[in-house]
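# Structural overview for review
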Amino acid sequence: HSRKQRLSGKQNKSRRKQEQSRLTAQDSIFYEQMMQDGMCVLADNMYSRTYAFDDVNYRLSRRDDQVEFFTKWCEIQNYHDPETFYQMLLINRTVDRDDFMDKMYSPLRGDQYDIYRKEMNAVRAQRGMEGNNSIVRERYITYGVQSQDADLARQKLNRLDTDAAAQFKAMGSA
């Protein structure tokens with residue numbers, strides 16, 4: 001390669017890097033509109049909604065509870081019809097253990113209820129030492145449907161929301 005070709009290659013890399021650095025988070029999220037009720041309007045008549053749900057501490061459960069949990073989890077996985085898409089997002093992040101414990105405690109107020117706050121703080125401290133409580137777990141499920149009509153899509157998503165809430169509640173999550 002000649003010096004000029006190498007230089008133009010470097011210039012092209014530099015130009016691409018500058019273009020990429022100008023992209024914003026909004027540029028990487030492909031949706032047309034976010035509705036007030038949380039329904040997201042995507043391209044090609046697709047609509048979605050994302051829900052947060054609570055983590056269930058599977059490892060600390062009794063064996064029969066684990067089997068029941070797993071059975072209900074499989075029911076959720078097999079519940080959806082072929083026209084519905086869903087995606088699970090599971091985020092585990094470590095937090096500073098001291099900060100975590102500080103946030104768990106009820107502050108003492110110098111009143112007659114401090115005795116109960118101390119007792120509750122002791123219980124929380126004990127539970128905080130069990131398991132892996134310096135990990136914050138965030139759980140999300142996104143449902144999507146295709147529809148020519150936004151109101152019909154909203155009805156489908158609302159039905160999925162109601163059904164999913166009942167299924168997660170049966171598993172001990174909300």
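Residues numbered from 1 in each chain as written. Predicted model: local features only at pLDDT ≥ 70, side-chain atom pairs only at ≥ 80, totals over all residues. Heavy atoms only, no water.

This brings us to the sheet that holds strand β5 (residues 135-146). The five strands lie next to each other as β1-β2-β3-β5-β4, forming an open sheet whose pairing is antiparallel. Bordering the open sheet on either side are β1 (33-34) and β4 (85-94), each of which pairs with just one other strand. Pairing between β1 and strand β2 (residues 40-41): two bridges, direction antiparallel. Of the residues in β2, the one forming a bridge with Gln 33 is Val 41. (Pairing = 2+ DSSP bridges. Helix = DSSP H or I, 4+ residues; strand = E, 2+ residues; numbered from the N terminus.)

Attention shifts here to the pattern of salt bridges. Tallied over the entire structure, the rule returns ten salt bridges. Residues Asp 64 and Arg 62 are paired through a salt bridge, measuring 3.3 Å at the closest nitrogen-oxygen approach. What makes Asp 64 partly exposed here is its relative accessible area of 47%. Arg 93 serves as the salt-bridge partner of Glu 138, at 2.8 Å between the closest nitrogen and oxygen. One end of the pair, Glu 138, is in strand β5; the other, Arg 93, is in strand β4, with 45 residues separating them in the sequence. What emerges from the salt-bridge pattern is a single network uniting Asp 37, Arg 49, Asp 151 and Arg 154. (Salt bridge = Lys/Arg side-chain N within 4 Å of Asp/Glu carboxyl O. Buried < 20%, exposed > 50% of the residue type's maximum accessible area, 1.4 Å probe, protein only.)

By the element assignment, Arg 117 lies in helix α5 (residues 114-129). The exposure class assigned to Arg 117 is buried, which follows from its relative accessible area of 13%. Of note is the side chain of Arg 117, whose polar atom sits 2.8 Å from the side chain of Asp 114. What Arg 117 contacts, discounting residues up to four positions off in sequence, is Ser 106, Pro 107, Leu 108, Arg 109 and Asp 111. (Polar contact = N/O pair within 3.5 Å; in protein donor to acceptor, adjacent residues only side chain to side chain. Contact = heavy atoms within 4.5 Å.)

Turning our eyes to something else, we now look at the confidence of the model for the protein chain. Averaged over every residue, the pLDDT of the protein chain is 80; the share at 70 or more is 79%. Confidence, read as mean pLDDT per element, is least for helix α1 (residues 3-21) in the protein chain (62) and greatest for β2 (93). (pLDDT = per-residue confidence, 0-100.)

Turning our eyes to something else, we now look at a nonpolar patch on the surface. On the surface, a nonpolar cluster with roughly 300 Å² of combined accessible area is contributed by Ile 29, Tyr 31 and Met 34. With respect to the element layout, Met 34 can be found in strand β1. (Patch = residues over 30% accessible without salt bridge, like charges linked within 9 Å, V, L, I, M, F, W, Y side chains within 5 Å. Areas by Shrake-Rupley, 256 points an atom, 1.4 Å probe, with all protein chains shown as cover.)

To continue, consider the environment of Asp 163. Looking at the element boundaries, Asp 163 is found in helix α6 (residues 150-170). For Asp 163, a relative accessible area of 24% puts it in the partly exposed group. For Asp 163 and Tyr 79, which are 84 residues apart along the polypeptide, the C-alpha to C-alpha distance reads 9.4 Å.

Helix length check: helix α3 (residues 63-79), at 17 residues, gives a terminal C-alpha distance of 24 Å against a target of 24 Å (1.5 Å per residue), a fit within 8%. What α3 keeps buried is the set Gln 66, Phe 69 and Ile 76. Projected down its long axis, α3 carries its buried residues within an arc of 80°, all on one side. Of the residues in α3, the exposed ones pointing more than 90 degrees away from the buried face are Arg 63 and Asn 78. Contacts from the buried residues of α3 go to α6. (Expected span 1.5 Å × (residues − 1). Arc of directions from axis to C-beta.)

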